[in-house]
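Residues per chain are reported as follows:
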Amino acid sequence: MDWLQSLGRTGLILFERLGRGHLFLLRVFGGMSDTVLRPSLLIAQMYSIGVLSFTIIAISGLNVGMVLGLQMYNTLVDFGAEDSLGQVVALSLVRELGPVVAALLFAGRAGSALTAEIGLMKATEQLSGMEMMAVDPIKRVVAPRFLAGMLSMPLLAAIFSAVGILGGFFVGVGLLGVDSGAFWSQMQANVDLREDIVNGVIKSFVFGFVATWIAVYEGYDTVPTTEGVSRSTTRTVVHSAFAILALDFVLTALMFGGI
Amino acid sequence: MTASDRPEPLVKIRDLHFRFGARVIFDGADIDIQRGKITTIMGPSGTGKTTLLRMIGGQLRPDSGSVLVDGLEVPKLKTDELFALRKHMGMMFQTGALFTGLTIFENVAYPLREHTKLPEAMIRDLVLIKLQAVGLRGARNLMPAELSGGMARRVALARAVALDPMMIMYDEPFTGQDPITVGVIMQLIRHLNESLGITSIIVSHDVTEVSAISDYIYMISEGKVVDHGPPAELKQSRSDWVQQFLQALPDGPVPFQYPAPDYRADLLGDGG
Ligand SMILES: Nc1ncnc2c1ncn2[C@@H]1O[C@H](COP(=O)(O)OP(=O)(O)O)[C@@H](O)[C@H]1O
Ligand SMILES: [Mg+2]
């Protein structure tokens with residue numbers, strides 16, 4: 001019966017954390033109005049979350065796009081369909097790889113940094129100090145970071161996809177000799193604004209929301225010790241990755257159907 | 001002085017009970033902090049001194065009992081009322097708690113920027129005045145990581161008085177500082193108290209320093225006030241515990257040994 005007990009205990013802890021996470025989210029939404037009134041707070045965070053993630057997103061996007069171009073070409077060429085390369089590369093990136101891979105990178109680069117930053121502020125009593133100065137850290141520290149993460153994610157995913165398409169173009173057209181006109185025209189004809197691009201943006205928006213939520217919550221809820229902060233940081237990356245992949249399946253099923 | 005002509009204390013704590021989980025931290029403590037005086041709460045590490053300050057500041061709520069600050073029942077205040085009260089309280093955290101991302105100047109300016117709409121030129125003047133008072137006007141462009149522990153506490157002090165509070169709480173201001181810094185901080189605390197009449201609450205276990213500057217001392221242990229009085233009176237305390245603490249005796253009512261099974265049996269045995 002031991003395993004049943006520990007299963008129950010784990011379940012309770014899980015649900016308690018989920019509950020606290022949701023209450024926390026409500027408080028963050030409550031503090032959002034201040035962020036909107038003081039755009040300087042938001043801009044500073046957009047910079048450190050969004051702009052500083054740019055390099056890793058762009059480099060990864062380029063690599064993924066190049067690999068995609070190479071792999072797809074080798075399959076398509078067997079059917080004499082290499083002219084569709086542009087369409088295949090673009091759809092893979094816009095629908096799936098852009099939102100998902102960019103979100104995973106975002107969780108690793110920006111999410112972990114957010115957790116560590118907020119967690120360290122807690123461990124060094126900076127959050128307490130702020131409260132004692134009659135300033136609400138949810139409003140000043142958490143809300144701007146949350147909003148910035150949520151807004152940055154779709155932009156980063158878009159950059160990832162755009163750079164990825166260029167990578168695919170470089171390999172497919174530049175190295176493997178696919179016709180340039182066919183590459184772009186097939187892409188233009190078969191990538192639908194609503195079906196593909198809007199759905200991709202919705203995905204990356206949802207992933208950004210969840211990844212940033214996990215990151216700021218783990219930071220704010222950290223055990224205020226060195227060890228606690230390092231554990232929270234790890235948890236942010238692991239939980240975000242799980243959440244992103246699980247949500248991706250659900251969203252894909254809802255959007256692109258078949259189930 | 002008789003009870004009736006004593007002014008109403010600024011902080012009045014009655015029958016305070018508090019626990020972290022199963023661990024009892026306060027078990028019926030009564031504490032008065034007189035206006036304009038320096039009052040020290042003394043006790044060994046882990047007795048709940050920081051916890052007490054957090055309850056006065058409303059960051060923690062007692063399980064039962066009352067915490068009155070300037071006539072307001074702190075645990076019952078709504079968030080905005082509590083924030084209004086906190087603007088009149090300064091707190092110097094044990095670690096300084098400076099914002100690591102801001103310069104010294106911006107750290108001290110922070111409460112002013114948050115709570116006033118003063119023009120930039122006036123904020124600058126006020127910050128420089130506060131920094132001058134703690135002797136760090138020249139360090140205004142440094143980052144907190146570039147400061148020594150003692151300097152960080154002085155900046156924390158300048159920030160705590162930025163809004164001209166009615167009281168300041170000092171959490172272990174002397175712990176881990178070199179003798180010169182201790183002297184500087186003692187002088188600053190006394191100066192703020194005498195010249196501005198700021199009520200001061202010090203939490204500490206540094207007997208000598210505290211005896212020198214306090215008007216009144218509370219000794220707490222295991223959730224209760226063991227004894228209280230002006231430093232001179234406390235030296236005559238009949239409590240063995242107070243004597244052990246003040247004279248730094250290794251053994252006494254507070255045993256040297258952490259509770260353990262019989263020594264002889266332990267050495268001869270093989271388990272445990
Ligand atoms: N958030 C917390 N959760 C559980 N126990 C705590 C917490 N904060 C402090 N404690 C415990 O409460 C006791 C009193 O803490 P504290 O007020 O910091 O002591 P002091 O400042 O007198 O050294 C300590 O034993 C500490 O371990
Ligand atoms: Mg303490």
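Just so it is clear, the model here is predicted, and its values are computed rather than measured.

So, how was this worked out
Residues numbered from 1 in each chain as written. Chains lettered and ligands numbered in written order. Predicted model: local features only at pLDDT ≥ 70, side-chain atom pairs only at ≥ 80, totals over all residues. Heavy atoms only, no water. Near = heavy atom within 4 Å. Polar contact = N/O pair within 3.5 Å; in protein donor to acceptor, adjacent residues only side chain to side chain. Areas by Shrake-Rupley, 256 points an atom, 1.4 Å probe, with all protein chains shown as cover. Helix = DSSP H or I, 4+ residues; strand = E, 2+ residues; numbered from the N terminus. Nonpolar A, V, L, I, M, F, W, Y, C, P; charged D, E, K, R; others polar. Pairing = 2+ DSSP bridges. Contact = heavy atoms within 4.5 Å. Axes fitted to C-alpha atoms, helices over the stretch in contact; angles between N-to-C directions. Domains from an automatic or database assignment. Buried area = accessible area lost by both parts, 1.4 Å probe. Buried < 20%, exposed > 50% of the residue type's maximum accessible area, 1.4 Å probe, protein only. Salt bridge = Lys/Arg side-chain N within 4 Å of Asp/Glu carboxyl O. 1 Å grid on protein atoms, 1.4 Å probe; cavity = no way out; pocket = protein on both sides within 12 Å on 5 of 7 lines; lining within 4 Å. Points joined across faces, edges and corners; volume = space filled by probe spheres on them. Expected span 1.5 Å × (residues − 1). Patch = residues over 30% accessible without salt bridge, like charges linked within 9 Å, V, L, I, M, F, W, Y side chains within 5 Å.

Caption draft 1: Local environment of the site of ligand 1. All names here are of chain B. Ligand 1 sits among Phe20, Arg23, Ile25, Ser45, Gly46, Thr47, Gly48, Lys49, Thr50 and Thr51. Here an oxygen atom of ligand 1 sits 3.3 Å away from a polar atom, N or O, in the main chain of threonine 47. Residue lysine 49 places a main-chain N or O atom 2.8 Å away from an oxygen atom belonging to ligand 1. For ligand 1, whose unbound accessible area comes to 560 Å², protein coverage reaches 57%. Broken down by element, the shell around ligand 1 gets its largest block of residues, three residues, from helix α1 (residues 49-56). Of the residues assigned to the shell around ligand 1, the class counts are two nonpolar, six polar and two charged.

Caption draft 2: Here's a closer look at the environment of valine 36 of chain A. Mapped onto the secondary structure, valine 36 of chain A falls in helix α1 (residues 2-37). As a C-alpha pair, valine 36 of chain A and glutamate 82 of chain A span 46 residues in sequence and 49 Å in three-dimensional space.

Caption draft 3: Structural detail: the sheet that holds strand β1 (residues 11-20) of chain B. Residues and elements named next belong to chain B. Strand order in this open sheet of four strands is β2-β1-β4-β5, and the pairing throughout is antiparallel. Of all strands in the sheet, those bounded by a partner on one side alone are β2 (23-33) and β5 (72-73). With two bridges connecting them, strand β4 (residues 64-69) and β5 associate as antiparallel partners. Bridged to leucine 68 within β5 is glutamate 73. Across the sheet, α1 lies against β1, β2 and β4, angled at about 120 degrees from β1, the strand it touches most.

Caption draft 4: Fine view of the domain arrangement of chain B. Residue and element names in this part refer to chain B. Along its sequence, chain B is carved into domain 1 (3-88 + 166-268) and domain 2 (101-164). Here the C-alpha centre of domain 2 lies 27 Å away from the C-alpha centre of domain 1. Taken together, the contact pairs 15 residues of domain 1 with 12 residues of domain 2. Of the roughly 980 Å² buried between domain 1 and domain 2 on both sides combined, carbon and sulfur atoms contribute 69%. Summed over the three residues of domain 1 that lose the most area to domain 2, namely Lys87, Gln177 and Leu188, the buried surface amounts to 44% of that side.

Caption draft 5: Molecular detail of the side chain of asparagine 199 of chain A. Counting through the fold element by element, asparagine 199 of chain A comes out in helix α8 (residues 193-220). With relative accessibility at 6%, the residue asparagine 199 of chain A sits in the buried group.

Caption draft 6: Region of the structure containing the pattern of salt bridges. Applying the stated rule across the entire model yields 23 salt bridges over all chains. Two residues, glutamate 218 of chain A and arginine 17 of chain A, come together in a salt bridge whose shortest N-O distance is 2.8 Å. With glutamate 218 of chain A in helix α8 and arginine 17 of chain A in helix α1, this pair connects stretches of sequence that are 201 residues apart. Residue glutamate 218 of chain A is classed as buried on the basis of its relative accessible area, which comes to 3%. Linking lysine 224 of chain B and aspartate 27 of chain B is a salt bridge whose minimum nitrogen-to-oxygen distance equals 3.0 Å. Taken as a pair, lysine 224 of chain B in strand β10 (residues 224-229) and aspartate 27 of chain B in strand β2 lie far apart in primary sequence, 197 residues in all. What makes lysine 224 of chain B partly exposed here is its relative accessible area of 41%. In this structure, a network of salt bridges that share partners links the residues Glu16, Arg17, Arg20, Glu218, Asp221 and Arg235 of chain A.

Caption draft 7: Representation of the interface of chain A and chain B within the structure. In this assembly, 14 residues from chain A lie in contact with 21 residues from chain B. Of all residues in chain A, Glu125, Met132 and Met133 of chain A give up the largest surface area on contact with chain B, accounting jointly for 45% of the area buried on that side. Run the count over chain A and chain B and you get three salt bridges. The partner of glutamate 125 of chain A in a salt bridge is arginine 54 of chain B, and the shortest N-O contact between them spans 3.3 Å. At the boundary of chain A and chain B, one finds nine residue pairs in polar contact (both at pLDDT 80 or more).

Caption draft 8: Inspection of empty space enclosed by the protein at higher detail. Per the stated rule, a full pass over the model turns up one cavity of 30 Å³ or more. Reported here for the largest cavity is a volume of approximately 140 Å³. Residue lining of the largest cavity: 15 residues in total, with Met133 of chain A together with Met89, Gly90, Arg159 and Ala160 of chain B positioned closest to the centre. Sorting the residues of the lining of the largest cavity by element identifies α5 (126-132) of chain A together with β6 (89-92) and α5 (149-160) of chain B as the ones contributing at least two each. Of the residues contributing to the lining of the largest cavity, the split by class is 10 nonpolar, two polar and three charged.

Caption draft 9: Quick peek at α5 of chain B. Taking 1.5 Å of rise per residue, the 12 residues of α5 of chain B would be expected to cover 16 Å, and the 16 Å separating its terminal C-alpha atoms lies within 8% of that figure. Of all the positions in α5 of chain B, only Gly150, Ala152, Arg153, Arg154, Val155, Ala156, Leu157, Ala158, Arg159 and Ala160 of chain B are classed as buried.

Caption draft 10: Examining unusual backbone geometry more closely. Of note, alanine 134 of chain A is a non-glycine position whose phi angle comes to about 65 degrees, a positive value. Inspection of the secondary structure assignment puts alanine 134 of chain A in the loop between α5 and α6 (137-175). Using a relative accessible area of 6% as the deciding quantity, one classes alanine 134 of chain A as buried. Positive phi is not limited to glycine here, since aspartate 164 of chain B has a value of about 50 degrees.

Caption draft 11: Quick peek at the pairing of β1 of chain B. All names here are of chain B. Relative to β2, β1 is paired through eight bridges, and the arrangement is antiparallel. Within β2, the position partnered with phenylalanine 18 by the bridge is phenylalanine 26. The sheet contact formed by β1 and β4 spans five bridges and is antiparallel. Bridging across to β4, valine 11 finds its partner in valine 69.

Caption draft 12: Quick peek at a nonpolar patch on the surface. Taken together, the side chains of Leu193, Ile197, Val198, Val201 and Ile202 of chain A make up a nonpolar region of the molecular surface, amounting to roughly 390 Å² of accessible area. Mapped onto the elements of the fold, valine 198 of chain A is located in helix α8.

Caption draft 13: Representation of the side chain of serine 204 of chain A within the structure. Residue and element names in this part refer to chain A. Along the chain, the position of serine 204 falls in helix α8. Of note is the side chain of serine 204, whose polar atom sits 3.0 Å from the backbone oxygen of valine 201. Once residues within four sequence positions are removed from consideration, serine 204 is found in contact with Pro99, Met153, Pro154 and Ala157.

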